[in-house]
Amino acid sequence: MTGFHQRVFSGVQPTGNLTLGNYLGAIKRFVAMQAEMDCIYCVVDLHAITLPQDPADLIASTRAVTAAFLASGIDPKAHIVFNQSRVPQHAELGWVFNCIARLGWLNRMTQFKDKAGKNAEAASVGLYAYPNLMAADMMVYRATHVPVGEDQKQHIELTRDIAQKFNNDYSTRIAALGLGHEMRVGDETVNAFFPLIEPVIGGPAARVMSLRDGTKKMSKSDPSDMSRINLTDDADTIAKKVRKAVSDPLPLPETVDGLKDRPEADNLVGIYAALADVTKDAVLAEFGGAQFSAFKPALADLAVQKIEPISAEMRRITADPAYVDGVLKDGGERAGAIAEETMKAVKQIVGLLG
Ligand code: TYM
């Protein structure tokens, strides 16, 4: 891709406790990307209200996710940390994207089906249009890279489709106004207003699974608290959850191939690898042949060692809500300046006077 400023955007919903899945699949990787590009990390409160939220809980969760970002090592001065509702251009571009995306595209979104459940008629319109707002989050900064867990892949593909349709539908106008950048699409070079964002998905924790069932995603909405490690769990709770995690009766295999058809073993090895910043192969080189009775205590120790300092720091930060709100306000102003510029151009392109 040429022409576009390389920029990272990603978001986390302020709904309930953050899990080890959120941390390993997303936040830990947000931290790593700060060394490579300008990063914008957002607490997506407008997305949260697509499902009913208690207002006081929503405010507390917005601050808690911000605290988790900061406690994990995101630098709000060198980069940008803010909450979505402070920058009205997200919703504004979201509306334009509602008019770009096709019903057929949204009908294919598996997360809507999962979240709406059996009674989709009773779901909010916001839940249905959720992916369009998500596309606007990234595109209002013309971001080029998005670190996310595996479960967001389909939403990122939709974002690329929306960007491409906008670029195509308005190509003449974009060129006439001189607002485009050169971008390679296959063998062609096109003049584009929005980049086709690259998902940054991968590593051993792209999909952290439930500790009770290795075929289900670890999720903050799972009714069983034993299914997940929360970033706010204390050392004893983390150790207990790892000890009680569902496993199988076989010893750990010597190679990654041996994890096939052993979802619980695969998950626990993946969690160890992501926490230790090594590959699953490296974990099996050390623990291959060991029983879970030996591996689980090692995993529990490692999880406590990595997660406890973050939860302690989160507690310290959330005790000072004025500081957290100051970070969000400052980040919102800096994000808003970029978003305003994009939205001004979008209005010119689309023909919206004002
Ligand atoms: P959310 O809040 O559900 O999750 C935040 C991030 O955590 C990742 N994640 C996981 N990764 C691995 N294993 C798991 N078990 C696991 N559970 C969650 C998610 O993939 C995500 O990266 N729609 C998004 C929020 C969003 C967003 C955006 C993301 C709104 N706008 C723009 C990127 C760009 C969501 O609900 O994430």
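The rules we used
- Residues numbered from 1 in each chain as written.
- Predicted model: local features only at pLDDT ≥ 70, side-chain atom pairs only at ≥ 80, totals over all residues.
- Heavy atoms only, no water.
- Near = heavy atom within 4 Å.
- Polar contact = N/O pair within 3.5 Å; in protein donor to acceptor, adjacent residues only side chain to side chain.
- Nonpolar A, V, L, I, M, F, W, Y, C, P; charged D, E, K, R; others polar.
- Core = buried A, V, L, I, M, F, W, Y, C linked by side-chain atoms within 4.5 Å.
- Buried < 20%, exposed > 50% of the residue type's maximum accessible area, 1.4 Å probe, protein only.
- Helix = DSSP H or I, 4+ residues; strand = E, 2+ residues; numbered from the N terminus.
- Domains from an automatic or database assignment.
- Contact = heavy atoms within 4.5 Å.
- Expected span 1.5 Å × (residues − 1).
- Buried area = accessible area lost by both parts, 1.4 Å probe.
- Salt bridge = Lys/Arg side-chain N within 4 Å of Asp/Glu carboxyl O.
- Pairing = 2+ DSSP bridges.
- Right-handed = clockwise from strand over helix to strand, strands pointing away.
- Axes fitted to C-alpha atoms, helices over the stretch in contact; angles between N-to-C directions.
- Parallel < 35°, antiparallel > 145°, perpendicular 65-115°, else oblique.
- Left-handed = near helix turned anticlockwise from the far one by under 90°.
- Patch = residues over 30% accessible without salt bridge, like charges linked within 9 Å, V, L, I, M, F, W, Y side chains within 5 Å.
- Areas by Shrake-Rupley, 256 points an atom, 1.4 Å probe, with all protein chains shown as cover.
- Lys, Arg positive; Asp, Glu negative; His and termini not counted.
- Charge placed at Lys NZ, Arg CZ, Asp CG, Glu CD.

So, about the site of the ligand. Gln13, Tyr130, Asp137, Asp151 and Val208 are the nearest of the 27 residues found near the ligand. Gln13 places a main-chain nitrogen or oxygen 2.9 Å from an oxygen atom of the ligand. One of the side-chain nitrogen or oxygen atoms of Tyr130 is found 2.6 Å away from a nitrogen atom of the ligand. Of the residues that constitute the shell around the ligand, the class distribution is 13 nonpolar, 9 polar and 5 charged.

Let us look at the nonpolar core. Formed by 60 residues in total, the largest nonpolar core has its most connected members in Leu24, Phe69, Leu275 and Phe295. If you tally residues by element for this core, the top one is helix 13 (residues 292–318), at 11 residues. Domain assignment of the residues forming this core places at least three in each of domain 1 (7–200 + 320–350) and domain 2 (225–317). Discounting chain neighbours no more than four positions away, the residues touching Phe69 are Val12, Ile27, Phe30, Tyr41, Cys42, Val43, Ile74 and Val81. Counting 49 residues, the second largest nonpolar core, distinct from the first, contains Phe4, Tyr130, Ala136 and Val146.

This paragraph deals with helix 8 (residues 153–169). Given 3.6 residues to a turn, an α-helix orients residues that are three or four positions apart in the same direction. For helix 8, spanning 17 residues, the distance from its first C-alpha to its last is 24 Å, which sits close to the expected 24 Å at 1.5 Å a residue. Of the positions making up helix 8, those classed as buried are His155, Ile156, Leu158, Thr159, Ile162, Ala163, Phe166 and Asn167.

Domains assigned within the protein chain are domain 1 (7–200 + 320–350) and domain 2 (225–317). Averaged C-alpha coordinates put domain 1 and domain 2 at centres separated by 31 Å. Taken together, the 17 residues of domain 1 in the interface contact 15 residues of domain 2. Carbon and sulfur atoms make up 72% of the area that domain 1 and domain 2 hide from each other, which totals about 1,300 Å². Our count for the domain 1 to domain 2 interface comes out at 1 salt bridge. Summed over the shared surface of domain 1 and domain 2, the result is 5 residue pairs in polar contact (both at pLDDT 80 or more).

Each regular strand displays side chains that alternate between the two surfaces of the sheet. Most of strand 1 (residues 7–12) sits out of view: 5 of its 6 residues are buried. The sheet contact formed by strand 1 and strand 2 (residues 38–43) spans 6 bridges and is parallel. Pairing of Arg7 across the sheet is with Asp38, part of strand 2. Once you follow strand 1 into helix 1 (residues 20–33) and on to strand 2, the crossover reads as right-handed.

Okay, the packing of helix 11 (residues 263–276) against helix 13 next. Between helix 11 and helix 13, whose axes approach to 10 Å, the crossing angle comes to 40 degrees. In terms of orientation, helix 11 and helix 13 fall into the oblique class. Where helix 11 crosses over helix 13, the two elements pack in a sense that is left-handed. Facing Ala265, Leu268, Val269, Ile271, Tyr272, Leu275 and Ala276 of helix 11, the residues of helix 13 in contact are Phe292, Phe295, Lys296, Ala298, Leu299, Leu302, Ala303, Lys306 and Ile307. Its residues assigned to classes, the contact of helix 11 with helix 13 comprises 14 nonpolar, no polar and 2 charged.

Contact geometry of helix 11 with helix 12 (residues 280–287) gives a least axis separation of 8 Å together with a crossing angle of 105 degrees. Relative to helix 12, helix 11 is oriented roughly perpendicular. Of the residues in helix 12, those in contact with Asp266, Val269, Gly270, Tyr272 and Ala273 of helix 11 are Lys280, Val283, Leu284, Glu286 and Phe287. Tallied by class, residues from the contact of helix 11 with helix 12 come to 6 nonpolar, 1 polar and 3 charged.

Take unusual backbone geometry next. One non-glycine residue, Arg142, lies in positive phi territory at about 45 degrees. Positive phi, close to 60 degrees, is recorded for Asp277, a residue that is not glycine. Structurally, Asp277 can be placed in the loop between helix 11 and helix 12. Overall, Asp277 belongs to the exposed group, its relative accessible area being 61%.

The subject of this paragraph is the environment of Pro14. Of note, Pro14 is situated in the loop between strand 1 and helix 1. A sequence separation of 49 residues divides Pro14 from Arg63, and the C-alpha atoms of the two residues are 8.3 Å apart. What Pro14 contacts, discounting residues up to four positions off in sequence, is Val43, Val44, Asp45, Ala48, Leu58, Ser61, Thr62 and Val65.

Further remarks concern the pattern of salt bridges. Scanning the model with the defined rule gives 14 salt bridges in all. Its salt-bridge partner being Asp169, residue Lys165 comes within 3.0 Å of it at the nearest N-O pair. Separated by 4 residues within a single helix, Lys165 and Asp169 lie in helix 8, roughly one turn from each other. When the shortest N-O distance is used, the salt bridge between Lys280 and Asp266 registers 2.7 Å.

On the surface, Arg212, Lys240, Arg243 and Lys244 cluster together into a positively charged patch. Among the structural elements, Arg212 can be located in the loop between strand 7 (198–200) and helix 10 (235–243). Assessed through its relative accessible area of 37%, Arg212 is described here as partly exposed.

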